[in-house]
Amino acid sequence: MTKTACNACAFYEDHVANSASTLSDSGLCRANPPVTQKDADTRGFWPVVKSNDWCGQFATAFAAE
C-alpha cells in the first residue's frame, strides 16, 4: 500500500529556501494554481505543507495528456 502523505504525492515539490538549502520537513503543494495575494502587484504562492501532511487530492503520478 502506498503511503498517502504529501512527500509521496506527484504534486509535492521539495521547498527550497532563499539560501538554496532544502527544508527537510516541508515542501510546496502544486496540486492547484498558486494562491493569490491581497495586493494586485504581489505574486501568488503555492501552499507550504509538511512532508507527512495529506489531502484528498493525493496522486502517485500525473494524469496522461
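Residues numbered from 1 in each chain as written. Predicted model: local features only at pLDDT ≥ 70, side-chain atom pairs only at ≥ 80, totals over all residues. Heavy atoms only, no water.

1. Quick look at the environment of Thr 60
Along the chain, the position of Thr 60 falls in the segment after β3 (48–50). With relative accessibility at 57%, the residue Thr 60 sits in the exposed group. Considered as a pair, Thr 60 and Ala 8 are 52 residues apart in the sequence and their alpha carbons are 6.9 Å apart. (Helix = DSSP H or I, 4+ residues; strand = E, 2+ residues; numbered from the N terminus. Buried < 20%, exposed > 50% of the residue type's maximum accessible area, 1.4 Å probe, protein only.)

2. Concerning the packing of aromatic side chains
Counted under the stated rule, the structure contains 0 aromatic pairs. The ring of Trp 46 carries the charged tip of Arg 30 above its face, separated from the ring centre by 3.7 Å. (Phe/Tyr/Trp six-rings, centres within 6.5 Å; stacked < 30°, edge-to-face > 60°. Lys NZ or Arg CZ within 6 Å of the ring centre and 35° of its normal.)

3. Things to note about the nonpolar core
In terms of nonpolar packing, the biggest core is built from 5 residues, these being Cys 6, Cys 9, Tyr 12, Cys 29 and Val 49. Every residue in contact with Tyr 12, bar those within four places of it in the chain, is listed here: Cys 6, Asn 7, Ser 26, Gly 27, Leu 28, Val 49 and Ser 51. (Core = buried A, V, L, I, M, F, W, Y, C linked by side-chain atoms within 4.5 Å. Contact = heavy atoms within 4.5 Å.)

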